[in-house]
Amino acid sequence: MMNLKISALEFVEEAKNGNISVEDFIGKTLERIDSVEDKLHALLSINDKALDQARELDKKIKSGEDVGACFGMPISIKDNMCIKNTKTTCASKMLENFIAPYDATVISKLKIQDAIFIGKANMDEFAMGLTTEFSAYGPSKNPWNTEYVPGGSSGGSAVSVSSFECVASLGSDTGGSIRNPASFCSTVGYKPTYGLISRYGLISYANSIEQIGPLTRTVKDSAFMLNLIAGIDPNDDTTVNNNNEDYLANIDSGIEGKKIGIITDMMGDGIDPEVLTATKEAISKLEGLGAVCEEVSLEMVKYSVAAYYTITATEAGSNLARYDNLRYGYDFPVEGYEFNSYISKARRNFGPEVTRRMIIGGFVPSAGHAGKYFLKAMKVKTKLTKEINEAFKKFDLLIAPTVPVLPFKIGEKIDDPVSLFLIDINTVTANLTGKPAISIPFKIVNGLPIGIQLMANSMNDKLLLQAAHALEKTVTLPEVTI
Amino acid sequence: MVTVEEIENVSKLMKIDIDDHSEYLDKVKKMISYFDILDSAGVESEEISMPEISIESLRKDEFIPFEGKLIEKMNHYKGTYVHAPKMS
């Protein structure tokens, strides 16, 4: 019986030793996808060449040829990353038929390592949302309870990992879009330091703060993925040189003597008592491992959500301007339209949330409003960065619940935008300040997962992964039963 | 306070065709009203810091040939219009 529940590192080991054939594993994975997709809708498209690619790799392995570090591992990719000659919709009707003409840098790097891209994962349209309910192709469902949201915007990525439709996934995180669904689906979700992974080929939402990152079964798997995709890229001038750091090496170092700041501003009003209890338990576990935990306040956290949405809507308004049905779009005749009205008509293909964000993205930076909204948001971002840098002079790591609430029912919050916004309150800080952050599965309460978030200073990703691994080892959690 | 007229104006500037602007009023108003919290952040005197990338850190401004033949996709002409490619 093929075990689809193995971790990425276990898969690599088994494939390398010839204990599993890639063809069998991919075949079983496709069967699994076929059996659960009706219930979960994690994927927007499936790679119909996956089995052929698997057979080719098996041949290479058997003949002793060099094989990449992924050994045919099935990976799902959020549908906002370009895979050459593959449909890349961004979960939008606007890009329904867009076939990417090139590979994103992360895709090139994984192709070299012989990964198999099993499918493109569902998401909120243009990554604007945190429940996957705003996908133009219908929401993904939480595998722990299909009446509940899986989080978002990388909801399909988290669902596909937690329900064994792949071994690992890549998502993107603009305000928590990797960590939030990771928390809601009980997977590891990791947003690296800004610039550590190239964004070339990632369809832009808010360039100044978004990052690609892995969603995996274990922290070690995230470190493994980071080793493959991190590093400087001439196609993305915001990338930073990591000197080929090996994030897996010494991941068992532990956290004895490390100082951890408990962010009080992320554990106050509105937090679910079960989430608060789980966070306190996580802190106790870390103390039991020899860490020293103390409270710390980041006063700007209170304003971070407003700053985040102001900045991201402004950048999104600019980024979405390219969707004019000239460079990207769909077939509809030009006759009878004046130039601007043709573009406006084409943009009716944006869903309601994207349209709302475009309106806000036009409003908040406009003359007469910029001083009140956009400039203040940028100042909050600056002050928040100063506060967190100050905190990292005293602490090695910071801790908070990833999301202050438990997963909620599909449709429950969709009509209340501010209530939805506030779900991001614990995750946007890492994006606004560029810091690395990770969500670690920690507890299942009433059948619903809770994740704990750790943050580190910029470029301290290795320390962050070591601490996350230490916390992960303190708990044993059930798997989804779907 | 956001009005229907402002939404009409912004949507025109953003080139979005909306049938009923009032449909967006409620949620946009709630979102913008929430942003008013920024008024109490006390950041007026803060200097905005922006990440700086030196010119030396940028890649050279040089032609990099694209392996695909995108120009071949530019084959849709209608009168004086060039129908842009769909990349498919």
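Residues numbered from 1 in each chain as written. Chains lettered and ligands numbered in written order. Predicted model: local features only at pLDDT ≥ 70, side-chain atom pairs only at ≥ 80, totals over all residues.

Turning next to helix α5 (residues 155-162) of chain A. Residue and element names in this part refer to chain A. For α5, a buried count of 8 out of 8 residues is recorded, marking the element as mostly surrounded by other parts of the structure. Within α5 the residues assigned to the buried category are Gly-155, Gly-156, Ser-157, Ala-158, Val-159, Ser-160, Val-161 and Ser-162. The first or second residue beyond α5 is Phe-164, which carries a positive phi of 65 degrees. (Buried ≥ 20, exposed ≤ 12 C-beta atoms within 10 Å, placed from the backbone. Helix = DSSP H or I, 4+ residues; strand = E, 2+ residues; numbered from the N terminus.)

Here helix α12 (residues 374-394) of chain A contains 21 residues, and its C-alpha end-to-end distance of 31 Å stays within 8% of the 30 Å for a straight helix at 1.5 Å per residue. The inward-facing, buried residues of α12(A) contact α9 (301-319) and α14 (428-433) of chain A. (Expected span 1.5 Å × (residues − 1). Contact = placed C-beta atoms within 7 Å.)

Let us now look at the sheet that holds strand β1 (residues 43-46) of chain A. To summarise the sheet geometry, strands pair through backbone hydrogen bonds and adopt either a parallel or an antiparallel arrangement. Residues and elements named next belong to chain A. Spatially, the 11 strands line up as an open sheet ordered β1-β3-β2-β4-β6-β5-β10-β11-β9-β7-β8, and their pairing is mixed. The open sheet has two edge strands, β1 and β8 (292-296), and neither has a second partner. Going across the sheet, the axis of each strand differs from the next one's by a mean of 30 degrees, ignoring polarity. Sheet topology note: the strand β7 (residues 259-263)/strand β9 (residues 397-401) ladder contains 3 bridges and is parallel. By the bridge assignment, Ile-262 is partnered in β9 with Ile-399. Lying on the sheet, helix α7 (residues 219-229) is in contact with β4 (168-173), β5 (188-191), β6 (211-216) and β10 (437-445); it crosses β6 at an angle near 140 degrees. (Pairing = 2+ DSSP bridges. Axes fitted to C-alpha atoms, helices over the stretch in contact; angles between N-to-C directions.)

What follows covers the confidence of the model for chain B. The pLDDT averaged across chain B works out to 81; a share of 76% of its residues lies at or above 70. Across the assembled chains, the prediction reports ipTM 0.90 with pTM 0.94. (pLDDT = per-residue confidence, 0-100.)

Residues and elements named next belong to chain A. Following Gly-152, the chain continues into Ser-153 via a peptide bond in cis, with omega recorded as 10 degrees. Inspection of the secondary structure assignment puts Ser-153 in the loop between β3 (116-121) and α5. Although it is not a glycine, Ala-91 adopts a positive phi angle of roughly 55 degrees. Among the secondary structure elements, Ala-91 is positioned in the loop between β2 (74-78) and α4 (105-112). Despite not being glycine, Thr-132 has its phi angle at roughly 70 degrees, a positive value. Its location among the elements puts Thr-132 in the loop between β3 and α5.

Attention now moves to the interface of chain A and chain B. Taken together, the contact pairs 41 residues of chain A with 35 residues of chain B. Of all the secondary-structure elements, those providing two or more residues to the side of chain A that touches chain B are α9, α10 (339-346), α11 (352-363), α12 and α13 (417-421) of chain A. Of the residues in the side of chain A that touches chain B, the class split is 24 nonpolar, 8 polar and 9 charged. (Nonpolar A, V, L, I, M, F, W, Y, C, P; charged D, E, K, R; others polar.)

Once that is clear, we can look at the pairing of β10(A). All names here are of chain A. Pairing geometry for β5 and β10, over 3 bridges, is antiparallel. Bridge pairing in β10 links Tyr-190 to Ile-438. Here β10 runs beside strand β11 (residues 448-456); their pairing, made up of 8 bridges, is antiparallel. Across the sheet, Val-445 pairs through a bridge with Leu-448, a residue of β11.

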